[in-house]
Amino acid sequence: MSQQNNTIGRRAFIRNSGLAGGGLILGFSWLNSCKPKQVTEAEVLEMPKEWFEINSYLKIGENGLATIYCPNPEFGQGVMTSMPMMVAEELDIAWDNVLVEIAPYDAEVYGRQFTGGSQGIRTRWEGLRTVGASAKQMLKEAAAKQWGVPVSEITTADGVLTHEASGNTLGYGEVASAAMAIAVPEEVTLKSPKEFKIISNSKKNVEGKKIVTGKPMFGIDYQYEGALVAMATHPPAFGLKLKSFDATKAKSMPGIVDVFEINTYADDYKRNFFDTNAFTELVVVVGKSTWEVMNAKKSLDIQWEPISDYEYTADRFGMEAKIKVPSGLESSDAHYAKMEELASQPGQVVRKDGDPEGVFKTAAKVIERSYTCPFLAHNCMEPMNFFAHVTEEGAKLAGPLQAPMLIEGAIAASLGLTSDKVDIEMTRMGGGFGRRAYAHYAVEAGLISKKVNAPVKLVYTREDDMTFGIYRPSYQATYRAALDENNNLVAFHVKAGGIPETPVFADRFPAGAVENYMAEQWEHNSNITIGAFRAPRSNFMAGVEQAFLDEVAELAGKDPIDFRLELLDRAMKNPVGENNDYEADRLAGVLELVRDKSDWGAEKPGVFRGVAAYFCHNTYAAHVLDVVKGADGTPRVENAVCAMDCGIVVNPDAASNMCEGGIVDGVGNAMFGGLTFRDGATQQTNFDKYRIIRHSEAPKNIEVHFVQNEIAPTGLGEPPFPPVMGALANALYKAEGRRLYNQPFISDKPPLVG
Amino acid sequence: MATFNLNINGKVKQVDVDPATPILWVLRDHLQLVGTKYGCGIAQCGACTVHLDGTATRSCMLTVSMVGNSEITTIEGLSEDGSHPVQKAWMEVDVPQCGYRQAGQIMTASALLDKNPNPSDEEIEMAMNGNICRCGTYTRIKKAVKLAANS
Ligand code: FES
């Protein structure tokens, strides 16, 4: 048990005015008032006649049912299930009696409503349990008062309060009303992991039924009386901007209401770090139906002109950053040539231990290898979209976004409103992967609604979505390693950069495990916009570092797992440097677990194995992938075994699902993913050219194992993903006899001989 | 504009639309049946899959004028309460992550099982290859199809 100071719990008792006046809630319609035909799980359970709002995360009905509000938006990680599980655990209620709704956006009450960076569970772990424990304490005190007994004599289980000595029992619903009058406890006691009944016991996705029955739940499904449809056209290439347009034809087409230009940010608006946007001047078509608007959009006659070099200042987490945007129409060929050139020049040294230069000169063996990867598009399956209704009184917006707090200011500024007049509803998202942290499309929707003076849903076509920017950058990395005559790794050098950002983590493994170590970086500006993409930077560095270490192990004549464990042993016992960002024993732990579970070392004819392990986003991951060749020689991952250490696992089956998805995504992007440019335009605009992994290319079996410990949980959205590329590269080497250095592997062809 | 009488989920629905309108947008915009999803608009992703006389069909490339008297079934018509064996299997295996494409996956899977009640792994992969899942739930989808086949 742990004592928890209850600041979070107390903040939770600022009852949310959006929920209902006076704390008493009647009915169940407030969330769904503009979505007809919404069938909720609630209709299956017998609904309470009255709801008592215990705090802003929780209301209890007179019949004992509880509704728990999930504070963070959902895009598939299962936070709508796992976060309420944390509240329910400490509340001591039966999970079957819990309904879940997404909370309204209100940062003052709910804090950081941001799903991203694998930080959701980690940052909510104490707060949500405290909320549940506080409510339980208030219910207990209410019962104690009613029975006239000391509160310490009351126990709780499955939504029932019991006073053993007198044999009295009360359901939570029976004291919920009285509990509302109890003072919020100053301090509460949280359970120890051994006492958990809900946490660490798999619960099914609370939205599962709505999903499989096709209920409206995504932003693109948002229904609103009288809503018009809007689409926006951005320049066809990076480095271009709007010059002029002729909308005569479009305006005369059936169902079209208006065609006009919008400018996303006013000139004096100071962008924040998530206001990334190359295309701020857009031509908008508004009409009655999607098909009519799509057709009119195609008929627009628009002239574009080249941009000039420009600069703007952005607020980068409280610091001013100058962002330089070069003019020009860029191409992938030129990017790769530039990266090769920069890789051959000295970079900015970000860490140096010992004397790497000296050791490389005298070492018995030196190996150097270079790796590249292309830009990637997030390709969320639900294209970007947002609903907005802007009136004199204020703005009501709804749609898919990972962090309303990051865009609220831009919306308010663009509409000339104060933030308190902007109401943002978070809908379920059809994928996020980082893309929806950049919600420029919500600003656009607001401006469009204001201009046409009507409710509007802005929808991106797939092509709009894929070509708008905010991509995973293109990177290059060169690694060097030196071995002594006993095949010990004595020096390690990484130099990496990208367009337009560096992927280097100076203090990450094998930093700390090698006496002589150096990390260098470089960057090259671009007008192609980038953004966070599932495990930013790690999504390249993990794969190439782990592929390189495999090659070093081979050169040293050592088993790849033994070789890594040897290095980690050094990092545990006698680490080099002080800022190493990983815990060596936990990284070794997942390697050992995956070694045991995969039966590593057992030779299986026709099965080619590769291993990789990586730490990022506070979590440890290791994978063994088995590649098998099909009848036509095509390699495919037959089997994947994964070991994770993310501390306590809140919802194990859903956590496995996340890891399975991360592995499939890793195989897919390493094998097929890639966005290439010519004259500033992407050469892929839809799924006919942009290849996404499909059923017959995905691993057939995936096994996920978690290290069992009682460490506070960390995230899983990102960590399983990055090392997959390394394990795949290493397995493909075994299968093909040729190392792969350039992603996507499908186009990394052997050099032509002759 | 023209008037069409469509057989959708066992009911006749009248719409007045441009004859070139894809069924996807007729369903979503005119009939408020939004379970059928837009993903690519060029028959590459499978999000918009419906049954046309029992066959899994991409509704984004199927114009309203092509449908005639054929029966269209959407996810909303498979069962309203999630009682169809494929929907049940999907919940049992807890397939979805983001869930956006699952309606399309379920429609393809249910059409497959109607024709081939006991598909092999390879047959499942072949039938489901046109349905992208960006979250990567393919192994669970296969598990769920097999579970539904056995129920
Ligand atoms: S929307 Fe029809 S297949 Fe993608």
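Computed from a predicted structure; not experimentally measured. (Residues numbered from 1 in each chain as written. Chains lettered and ligands numbered in written order. Predicted model: local features only at pLDDT ≥ 70, side-chain atom pairs only at ≥ 80, totals over all residues. Heavy atoms only, no water.)

Caption draft 1: Highlighting helix α6 (residues 121-128) of chain B. Along α6(B), the residues that are buried comprise B:I124, B:E125 and B:M128. One side of α6(B) holds all its buried residues, which, seen down the axis, span an arc of 100°. In this structure, the buried residues of α6(B) make contact with β30 (635-645) of chain A together with α5 (102-115) and α7 (138-149) of chain B. (Buried < 20%, exposed > 50% of the residue type's maximum accessible area, 1.4 Å probe, protein only. Helix = DSSP H or I, 4+ residues; strand = E, 2+ residues; numbered from the N terminus. Arc of directions from axis to C-beta. Contact = heavy atoms within 4.5 Å.)

Caption draft 2: Inspection of the sheet that holds strand β19 (residues 348-353) of chain A at higher detail. Residues and elements named next belong to chain A. Spatially, five strands are ordered β19-β27-β26-β25-β20 in an open sheet, and the strand pairing comes out mixed. Of all the strands in the sheet, just β19 and β20 (365-373) have a single pairing partner and so form its edges. Taking the axes of each pair of neighbouring strands and ignoring which way they run, one obtains an average angle of 10° across the sheet. Pairing of β19 with strand β27 (residues 516-523) involves five bridges; the strand directions are antiparallel. Residue V349 lies in a different strand from β27, and its bridge partner there is E520. In the packing of helix α9 (residues 332-343) onto the sheet, contacts are made with β20, β25 (474-483), β26 (489-499) and β27, and the angle to β25 comes to roughly 35°. (Pairing = 2+ DSSP bridges. Axes fitted to C-alpha atoms, helices over the stretch in contact; angles between N-to-C directions.)

Caption draft 3: Region of the structure containing the domain arrangement of chain A. Residues and elements named next belong to chain A. Once the domains are mapped, chain A shows domain 1 (2-199), domain 2 (224-311 + 378-467) and domain 3 (474-747). Of note, the centres of domain 2 and domain 3, computed from C-alpha atoms alone, are 37 Å apart. Taken together, the contact between domain 2 and domain 3 spans 19 residues of the former and 21 residues of the latter. For the pair domain 2 and domain 3, the number of links is zero salt bridges. (Domains from an automatic or database assignment. Salt bridge = Lys/Arg side-chain N within 4 Å of Asp/Glu carboxyl O.)

Caption draft 4: Focus on the interface of chain B and chain A. In this complex, chain B contributes 58 residues to the contact, which on the side of chain A involves 62 residues. The junction of chain B with chain A conceals about 4,800 Å² of combined surface from both sides, 54% of it contributed by carbon and sulfur atoms. In terms of surface lost to chain A, no three residues of chain B exceed B:Q97, B:R134 and B:Y138, which account for 17% of the buried area on that side. Remark: the boundary between chain B and chain A carries six salt bridges. Between B:R134 and A:D665 there is a salt bridge, with its nearest N and O atoms 2.9 Å apart. Counting across the chain B and chain A interface gives 28 residue pairs in polar contact (both at pLDDT 80 or more). At the level of secondary structure, the elements contributing two or more residues to the side of chain B that touches chain A comprise α1 (23-30), α3 (75-78), α4 (85-93), α5, α6 and α7 of chain B. (Buried area = accessible area lost by both parts, 1.4 Å probe. Polar contact = N/O pair within 3.5 Å; in protein donor to acceptor, adjacent residues only side chain to side chain.)

Caption draft 5: Just the environment of A:Y310, in detail. Residue and element names in this part refer to chain A. If you trace the backbone, Y310 turns up in strand β17 (residues 310-316). Considering only alpha carbons, one finds Y310 and S327, 17 residues apart in sequence, at a separation of 7.7 Å. For Y310, the residues in contact, after removing those within four places along its chain, are I323, K324 and V325.

Caption draft 6: Representation of the side chain of A:S414 within the structure. All names here are of chain A. Position of S414 relative to the elements: it lies in helix α11 (residues 408-415). Only 2.9 Å separates the side chain of S414 from the backbone oxygen of I411, close enough to count as a polar contact. Leave out the neighbours within four places in its chain, and S414 touches T264, V443 and L447.

Caption draft 7: Summary view of the domain arrangement of chain B. Residue and element names in this part refer to chain B. Partitioning chain B into domains gives domain 1 (2-76) and domain 2 (85-150). Here domain 1 and domain 2 have C-alpha centroids that lie 21 Å from each other. Buried surface at the junction of domain 1 and domain 2, summed over both partners, amounts to about 1,300 Å²; 54% is from carbon and sulfur atoms. Looking only at domain 1, the three residues that lose the most surface to domain 2 are C45, H51 and I75, adding up to 38% of its buried area. Scanning the region where domain 1 abuts domain 2 turns up eight residue pairs in polar contact (both at pLDDT 80 or more). Elements supplying a minimum of two residues to the side of domain 1 that touches domain 2: β3 (49-52) and β4 (55-58). Class assignment of the residues belonging to the side of domain 1 that touches domain 2 gives a composition of six nonpolar, 10 polar and two charged. (Nonpolar A, V, L, I, M, F, W, Y, C, P; charged D, E, K, R; others polar.)

Caption draft 8: Focus on empty space enclosed by the protein. Residues and elements named next belong to chain A. Under the criterion given, the structure shown has 10 cavities of 30 Å³ or more. Volume-wise, the largest cavity comes out at about 140 Å³. The dominant element in the lining of the largest cavity, judged by the number of residues it contributes, is helix α17 (residues 652-671), at three residues. Class assignment of the residues belonging to the lining of the largest cavity gives a composition of three nonpolar, eight polar and five charged. Taken as a whole, the second largest cavity spans an internal volume of roughly 110 Å³. (1 Å grid on protein atoms, 1.4 Å probe; cavity = no way out; pocket = protein on both sides within 12 Å on 5 of 7 lines; lining within 4 Å. Points joined across faces, edges and corners; volume = space filled by probe spheres on them.)

Caption draft 9: Spatial organisation of the pattern of salt bridges. Residues and elements named next belong to chain A. Evaluation of the coordinates by the stated rule reveals 43 salt bridges over all chains. Between K210 and E207 there is a salt bridge whose closest N-O contact spans 3.3 Å. Across this residue pair, the class does not change: K210 and E207 are buried. Measuring nitrogen to oxygen at the nearest pair gives 2.8 Å for the salt bridge that ties K297 to D464. Of this pair, K297 sits in helix α8 (residues 290-298) while D464 sits in helix α13 (residues 462-467), and the two are 167 residues apart along the sequence. For the pair K297 and D464, a shared accessibility class is recorded, and that class is buried. Residues joined by salt bridges that share partners form a network here, namely R369, D550, E551, E554, R564 and R739.

Caption draft 10: Region of interest: the packing of aromatic side chains. All names here are of chain A. Taken as a whole and judged by the stated rule, the model has 30 aromatic pairs over all chains. On the basis of an interplanar angle of 90° and a centroid distance of 6.0 Å, the ring pair of W125 and F196 is categorised as edge-to-face. Taken as a pair, W125 in helix α4 (residues 120-147) and F196 in the loop between β10 (187-190) and α6 (208-212) lie far apart in primary sequence, 71 residues in all. Note on accessibility: W125 and F196 belong to one class, buried. (Phe/Tyr/Trp six-rings, centres within 6.5 Å; stacked < 30°, edge-to-face > 60°.)

Caption draft 11: Representation of the sheet that holds strand β33 (residues 701-706) of chain A in the model. Residue and element names in this part refer to chain A. The sheet built from four strands is open, its strands ordered β28-β29-β30-β33 with mixed pairing. At either margin of the open sheet sits one strand with a lone partner, and together these are β28 (608-616) and β33. Shown here is a sheet whose adjacent strand axes are inclined to one another by a mean of 15°, direction ignored. Alignment of strand β29 (residues 619-629) against β30, held across 10 bridges, turns out to be antiparallel.

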